[in-house]
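Observations on the model geometry
Each chain, written out:
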Amino acid sequence: MSFFHRGLSALFPRKPFLCKPLVPHSSVRFLCTRDSNFSSGRWTDRKHDGRTKNTNRHKGQEWDDAVHGARMRNSSPRSVFAAGTAKRTAEWQRRNSPLALGDKEEQWDQSADRSRKLKSQCFPGEMQPPDRPLSVAEWRNVKENLGNSQRFEIQMMCAMFTSCTQLDVAKSLLTFVAMETGTLSYELLLRYLAVCVSGGHDAEVSEVYDIMRGSFASLDTGASTLFIKSFSRTERWREALHILSEVKRVLTPSARNYGDIIAGAVEHGDAATGWALYEELIGKGLSPHEETWDALFKRRSISQPDDQDKLLQILLYMRDNQIYPGHSLASTIKTWFESLPGETWTGSWTRATTKGTCGCCKSELESIQLTAAEYQQLKDRVMTDILQGRDVFTKTTPKELESFRSFVKRKPAFDVVVDGLNVANINQDKSRQSKTLLAVVSELQHQGLTVLVLGRRHMLQPSRSWVRHDMNLVQQKAHCFFTENISEDDPFLLYATLFSGNHCRFVSRDLMRDHKACLTDAATRRLFFKWQRGHQMVLDGSVSAARGIRVPSYDTIVQSSEDAWHIPYDDTEDRSTYEVPQRWLCLTKRGEMAAHS
């Protein structure tokens, strides 16, 4: 089993984390933030764009189950939180890295070597499934030619799964193993089951179920998950309920387990069972898969007012948990609204304007700004969970933190806090780090803002990177606080920004994911992300001096009023978890649309 766990990462690769952008020095005067108007109107908004999508790899999930048991045209610039930014940044870095620019052939050679090595680990002898069923003798020859591996049949069934081999070929392999050994192992049957489920061979799955029930004392959760998925697609869907009950005795079933049976129940006209399972799923703190919501919205039999309310509650769940449906689910939701009997809803695909209004119905979207109550709640929790947390003094000392607090209290409220080292390090030319920081501070001071620069003591020591004249000018143009070289800047940056008030912004490329994770509840983490998108500014290297820079002032979240719903949705495959979509589904009643027209 450990062999397959090692091989899965190659078969179903995961999305890499964001690589931080490197922005040329010539563009340091341009700052972008997810929020619009600054307190005095001195900040210029910046437009951003991007696309989204988290894809569901159903087939990969099926194989994982088996192994477990044995998103209008683009515009520029984009906010760091706009969907697709992380992927584009990573691609830009790869294209502009010394390796990519200086020795691409070596890069490709190394990549090819890694691929060959990984392939040889998974499939010795570059194992390829045959394109037709083989006889026992032919399979024996194939096995001998591949070195008579003790796990030949397991490796071959794995290759059949990944290459979507015809079922009769997989059956011939089972026949060979049975003739050679007189039995079929649980592990082989489990992988054959995955081949059957992924190929939609539900009749064959029923036979495998009978065999495994009769041959083995119990089923592992991997096999149970596969049987639940297959049975839920057939008239035997109620048997999946029995399997689910067995799983519950051992552990909490997955959201996928619940989702498969919910889809089967509503598909076969039993909406009551479907909703009961859905409520159980939510009650266990599981997050439903899109396919589950899609199945509930698609069922025409769900037309009772009570069921309609439950479907609307799904949209509110997405709002509360900042979940964005994919384009397919958004289309299903659009169709459901437009088909409601006695109502006249119209759905349109649109984009929000830079003024924070819907591009279709022109209604104003919710502001990104936190209310006074939300801001105070966030401030209190950040102070408690992050700045007074158990690990804060691994990043600073009590004496230094208290000295900084006294420093902030003596100063006027800041308009913007700059992470000095983070900003300076944007410039790849280490001899221009102090000039980069000076350029940013000079631009902020020119706008009449009260600036705090957070740095480290080594920045005050004259060097090739830190020119004394530049740093003297920085200290003349801004308030400055320099921490010990071993201290981290983020706790100080968060404290100064939040202490100064809801108007204060901060400049840093650090996305603060670790700090958000320190917050102890999901609601506060969502508030932190909303505040962050409205207050964090990032140097933008894609804007020319002749272009205005604007960003929307609205919050990207499911929104509703009496006669309208606005749902942000994913429409691409490149949205990281901390990014937000750029496209919206506008749902309005036709009478309301006519009034706006």
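The model shown is predicted, which means the values in this text are computed figures rather than measured ones.

1. A look at helix α9 (residues 186–198)
The end-to-end C-alpha distance of α9 is 18 Å, a good match for the 18 Å that 13 residues give at a rise of 1.5 Å each. Of all the 13 residues making up α9, 12 are buried; the element is thus mostly covered by neighbouring parts of the structure.

2. Focus on the packing of helix α6 (residues 136–145) against helix α8 (residues 167–181)
Put simply, α6 and α8 touch, their axes get as near as 9 Å, and they point 85° apart. Of the possible angle classes, the one that applies to α6 and α8 is roughly perpendicular. In contact with Val136, Trp139, Arg140 and Lys143 of α6, α8 contributes Val169, Ser172, Leu173, Phe176, Met179 and Glu180. Residues of the contact of α6 with α8, tallied by class, amount to six nonpolar, one polar and three charged.

3. As for the pattern of salt bridges
Applying the stated rule across the entire model yields 21 salt bridges. A salt bridge links Glu246 to Arg213; its shortest N-O distance comes to 2.6 Å. Remark: Arg213 occurs in helix α10 (residues 202–215) and Glu246 occurs in helix α12 (residues 237–250); sequence separation between them is 33 residues. On the accessibility criterion, Glu246 (21% relative accessible area) is partly exposed. Sharing partners across several salt bridges, the network here consists of Glu374, Lys530, Arg533 and Asp555.

4. Concerning the side chain of Asn422
Checked against the element boundaries, Asn422 lands in helix α20 (residues 420–424). A polar contact of 2.8 Å, which involves the side chain of Asn422, links it to the backbone nitrogen of Arg509.

5. Some thoughts on the side chain of Arg505
Structurally, Arg505 is set in strand β6 (residues 505–507). Arg505 sits in the buried class, given a relative accessible area of 3%. A polar atom in the side chain of Arg505 sits 2.7 Å from the backbone oxygen of His503. A distance of 3.5 Å separates a polar atom in the side chain of Arg505 from the backbone oxygen of Gly534.

6. Looking at the sheet that holds strand β10 (residues 583–589)
The pairing of strands in a sheet happens through backbone hydrogen bonds and is either parallel or antiparallel. With antiparallel pairing, four strands are arranged side by side in an open sheet as β2-β10-β9-β8. Edge strands, defined here as strands with exactly one partner in the open sheet, are β2 (345–350) and β8 (559–561). In this sheet, neighbouring strand axes are inclined to one another by 15° on average, regardless of whether the strands run parallel or antiparallel. By the bridge criterion, six bridges tie β2 to β10 in an arrangement that is antiparallel. Counterpart to Thr346 in the pairing with β10 is Thr588.

7. Regarding the packing of aromatic side chains
By the definition in use, this model includes 24 aromatic pairs. With a centroid separation of 5.0 Å and 70° between ring planes, the pair formed by Phe337 and Trp345 is classed as edge-to-face. Each member of the pair, Phe337 as well as Trp345, carries the same accessibility label: buried. Where Trp349 meets Tyr569, the ring centres are 5.0 Å apart and the plane angle is 65°; that geometry is what we call edge-to-face. Of this pair, Trp349 sits in strand β2 while Tyr569 sits in strand β9 (residues 564–569), and the two are 220 residues apart along the sequence. On the basis of relative accessible area, Trp349 is assigned to the partly exposed category, the value being 33%. The buried category is assigned to Tyr569, whose relative accessible area is 2%. By way of ring pairs, the aromatic residues Phe404, Phe407, Phe481, Phe492, Tyr495 and Phe499 are connected into one cluster. Lying over the aromatic face of Phe529, Arg533 brings its terminal NZ or CZ to 4.6 Å of the ring centre.

8. Points about the pairing of strand β3 (residues 416–419)
Taking every second residue as pointing to the same face, both faces of β3 are buried, with Val416 and Val418 on one and Val417 and Asp419 on the other. Pairing analysis gives three bridges linking β3 to β6, with the strands arranged parallel. Paired with Val417 across the bridge in β6 is Phe506.

9. Some thoughts on helix α14 (residues 271–283)
The end-to-end C-alpha distance of α14, which contains 13 residues, comes to 18 Å, matching closely the 18 Å that a straight helix rising 1.5 Å per residue would cover. Following α14 by one or two positions, Gly285 adopts a phi angle in the positive range, close to 80°.

10. A few points about the environment of Ala82
Among the secondary structure elements, Ala82 is positioned in the loop between α2 (58–69) and α3 (85–96). Residue classification places Ala82 among the buried positions, given a relative accessible area of 0%. For the pair Ala82 and Gln582, spaced 500 residues apart in sequence, the C-alpha to C-alpha distance is 7.0 Å.

11. Topic: the packing of α12 against helix α13 (residues 255–267)
Running from N to C, α12 and α13 point in directions that differ by 155°, and their axes come no closer than 10 Å. Judged by the angle between their axes, α12 and α13 are roughly antiparallel. Considering the relative orientation of α12 and α13, their crossing is left-handed. Taken together, the residues of α13 that come into contact with α12 (itself represented by Trp237, Ala240, Leu241, Leu244 and Lys248) are Asn257, Tyr258, Ile261, Gly264 and Ala265. Of the residues assigned to the contact of α12 with α13, the class counts are seven nonpolar, two polar and one charged.

12. A closer look at the confidence of the model for the protein
When the pLDDT values of the protein are averaged, the result is 78; 73% of them are 70 or greater. Throughout residues 70–77 the model reports pLDDT below 50, and contacts reaching past four residues in sequence, or to other chains, amount to 39 contacts. Counting interchain partners and residues more than four positions distant, the pLDDT-below-50 stretch residues 98–112 has eight contacts.

13. Things to note about unusual backbone geometry
One non-glycine residue with positive phi stands out, namely Asn148, at about 55°. Tracing the sequence through the fold places Asn148 in the loop between α6 and α7 (152–162). Look at Asn148 and you get partly exposed, because its relative accessible area is 45%.

About the thresholds
- Residues numbered from 1 in each chain as written.
- Predicted model: local features only at pLDDT ≥ 70, side-chain atom pairs only at ≥ 80, totals over all residues.
- Heavy atoms only, no water.
- Helix = DSSP H or I, 4+ residues; strand = E, 2+ residues; numbered from the N terminus.
- Expected span 1.5 Å × (residues − 1).
- Buried < 20%, exposed > 50% of the residue type's maximum accessible area, 1.4 Å probe, protein only.
- Axes fitted to C-alpha atoms, helices over the stretch in contact; angles between N-to-C directions.
- Parallel < 35°, antiparallel > 145°, perpendicular 65-115°, else oblique.
- Contact = heavy atoms within 4.5 Å.
- Nonpolar A, V, L, I, M, F, W, Y, C, P; charged D, E, K, R; others polar.
- Salt bridge = Lys/Arg side-chain N within 4 Å of Asp/Glu carboxyl O.
- Polar contact = N/O pair within 3.5 Å; in protein donor to acceptor, adjacent residues only side chain to side chain.
- Pairing = 2+ DSSP bridges.
- Phe/Tyr/Trp six-rings, centres within 6.5 Å; stacked < 30°, edge-to-face > 60°.
- Lys NZ or Arg CZ within 6 Å of the ring centre and 35° of its normal.
- Left-handed = near helix turned anticlockwise from the far one by under 90°.
- pLDDT = per-residue confidence, 0-100.

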